[in-house]
Amino acid sequence: MENVWENCLSAVAKNTRPSPVREILKVITQEGMISFAGGMPAPEVFPVEEFYEGASVLRDKGRTVLQYGITEGDPDLRNFLASWSAKRMGRTAAADEIILTTGSQQAIDLIAWSLIDPGDVIITEDPTYLAALSAFSNHGATFESVPMDSDGMITDELPALINKIRSSGRKPKLIYTVVNFQNPSGVCLSVERRKRLAEISSDMGVPVFEDDPYGYLRYDGEHLPSVYSFDPEGAVIYAGSFSKILSPATRIGWIIGNKRIIRQLTVFKQSTDICSSPITHSLAYEYCRKGYLDSHLPKILKNYAVKRDAMQKSFETHLYPLGVKWVKPAGGFFFWLDFGKNADTRKLAVKALEKKVAFIPAEPFCVNTENAGRYGRFNFSYSDPETIEKGAVRLAETIKDTGGY
Ligand SMILES: Cc1ncc(COP(=O)(O)O)c(C=O)c1O
């Protein structure tokens, strides 16, 4: 029977590679393993009691919330999010400029459905979010990347890149960017570059997708306005998510943008999953309506800032003397470590697993893999400070044993 399936697989399925980080993900649940590999929020800060309060909605509105919902998502929650997110985004959206998605991962997929023909080019930061590369690839996208520095994507390189893509007969369809505490690099795009990005997008006719699941998780400094807020033309679409600030199990994300593209995304969502869950929409709305989201944020910021500082201290003590370098992230979930130009983090990650500490080497996040061997991503949100310290010691031992490769 296996052959029937082999013979019937689509061209995309045949070209889909298993996740390059599968080996790591397979073993991170082993007894005694310290995992800096994932990207999960801390379960100890889930607002279980406050969320549970909303369960009465099942009794009060059961006949509605147990039914299919509208594809755009619960109107109360959409209105709430449009006004709640306006303050940090720096721009208000109308109710027909927002659609709720099944996590922001679905936002990526719906945008891909709406924009990508096979061979089209998506421009990304380098490195970038691994599962966005996979989702765009599923639709036949190819990639061109823009390097980053400590202020994020070097936007001045964009016009020449767009021209180069066009003159080679290909279509640059989208600039994909994670502007706040980027996954994996932890970097934020500076305000000047946000303005410049919106300008380039409008001047050169290439839309921007601003993916922002980490924006609220700022531990130092002030929030920066969104790229969306600098976009008078409607060429920037913005995606947010409850996954990192409330719970990933809600599977609630949202896209804000021009009505035309929101309508298109809605059409694809209809055939993808009809609608996201009305039950979780109403539970989340109850939670938000009572002000719990606002009172929850300072609690998680405190928890994550302690862990971020613990990782900074442990890495300073154990890794810095071995020549490892990094920029302390001002928010988000990740440290991005530079092990030096002779390092091979793929091999180092395998050796680290033998010492029972896991991290993700850079290569799967990179479009241009030339220098990928020197970097790795380390998550701090999921481990307590004692575990972070132990993990740093194990990592230092691995580097000493292997010479960093
Ligand atoms: C940059 C980025 N975008 C999107 C997602 C998808 O998140 P979710 O579907 O849980 O909202 C993630 C998850 O880690 C992410 O890091």
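Residues numbered from 1 in each chain as written. Predicted model: local features only at pLDDT ≥ 70, side-chain atom pairs only at ≥ 80, totals over all residues. Heavy atoms only, no water.

Turning our eyes to something else, we now look at the overall build of the protein chain. Within the protein chain one finds 17 helices and 13 strands. Considering only C-alpha atoms, the protein chain reaches an extent of 60 × 60 × 55 Å along its principal axes. Within the span of the protein chain, comprising 405 residues, buried residues form 53% of the whole. Restricting the contact set of the protein chain to residue pairs at least 6 apart, pairs at least 24 apart contribute 75%. Of the roughly 18,300 Å² that the protein chain leaves accessible, carbon and sulfur atoms contribute 53%. (Helix = DSSP H or I, 4+ residues; strand = E, 2+ residues; numbered from the N terminus. Buried < 20%, exposed > 50% of the residue type's maximum accessible area, 1.4 Å probe, protein only. Contact = heavy atoms within 4.5 Å. Areas by Shrake-Rupley, 256 points an atom, 1.4 Å probe, with all protein chains shown as cover.)

Here we take up the packing of aromatic side chains. Going through the model one piece at a time under the given rule, you end up with 25 aromatic pairs. Seen from their ring centres, Phe 36 and Phe 315 are 6.4 Å apart, and the 80° between their planes marks the pair as edge-to-face. With Phe 36 in the loop between β1 (34-35) and α4 (48-53) and Phe 315 in helix α15 (residues 292-318), this pair connects stretches of sequence that are 279 residues apart. According to the relative accessible area criterion, Phe 315 is buried, its value standing at 0%. In this structure an aromatic cluster arises from ring pairing among Phe 36, Tyr 219, Phe 315, Tyr 320, Trp 326, Phe 335, Phe 339, Phe 359, Phe 378 and Phe 380. (Phe/Tyr/Trp six-rings, centres within 6.5 Å; stacked < 30°, edge-to-face > 60°.)

One pass over the full model with this rule turns up 21 salt bridges. One salt bridge in this structure joins Arg 193 and Asp 149, with 2.8 Å as the shortest N-O distance. On the criterion of sequence distance, the pair formed by Arg 193 in helix α12 (residues 191-204) and Asp 149 in strand β4 (residues 142-149) is long-range, its members being 44 residues apart. We note a salt bridge from Asp 273 to Lys 269, for which the minimum N-O separation is 2.9 Å. With a gap of four residues between them, Asp 273 and Lys 269 both fall in helix α13 (residues 259-273), about one helical turn apart. A relative accessible area of 0% places Lys 269 in the buried class. Several salt bridges share partner residues, and in doing so they unite Asp 220, Arg 308, Asp 309 and Lys 328 into one network. (Salt bridge = Lys/Arg side-chain N within 4 Å of Asp/Glu carboxyl O.)

In this section: the domain arrangement of the protein chain. Domain boundaries assigned for the protein chain yield domain 1 (2-46 + 296-402) and domain 2 (49-292). The centre of domain 1, based on its C-alpha atoms, is set 24 Å off from the matching centre of domain 2. On the side of domain 2, 30 residues touch domain 1, which itself brings 28 residues to the contact. The junction of domain 1 with domain 2 conceals about 2,500 Å² of combined surface from both sides, 64% of it contributed by carbon and sulfur atoms. On inspection of domain 1 and its partner domain 2, the count reaches two salt bridges. Here Asp 220 and Arg 308 are joined by a salt bridge, their closest N and O atoms 2.9 Å apart. (Domains from an automatic or database assignment. Buried area = accessible area lost by both parts, 1.4 Å probe.)

Okay, the site of the ligand next. Near the ligand, the surroundings consist of 13 residues, among which Ser 104, Asp 211, Tyr 214, Ser 241 and Ser 243 are the closest. Here an oxygen atom of the ligand and a side-chain polar atom of Asn 183 are 2.9 Å apart. Within the side chain of Ser 243, an N or O atom sits 2.6 Å from an oxygen atom of the ligand. In isolation the ligand has 400 Å² of accessible area, and contact with the protein removes 91% of it. Of the residues in the shell around the ligand, the class split is four nonpolar, six polar and three charged. (Near = heavy atom within 4 Å. Polar contact = N/O pair within 3.5 Å; in protein donor to acceptor, adjacent residues only side chain to side chain. Nonpolar A, V, L, I, M, F, W, Y, C, P; charged D, E, K, R; others polar.)

Attention now goes to the environment of Ser 56. One can find Ser 56 in the loop between α4 and α5 (57-60). Linking Ser 56 and Val 179, residues 123 residues apart in sequence, is a C-alpha distance of 38 Å. A distance of 3.4 Å separates a polar side-chain atom of Ser 56 from the backbone oxygen of Glu 53.

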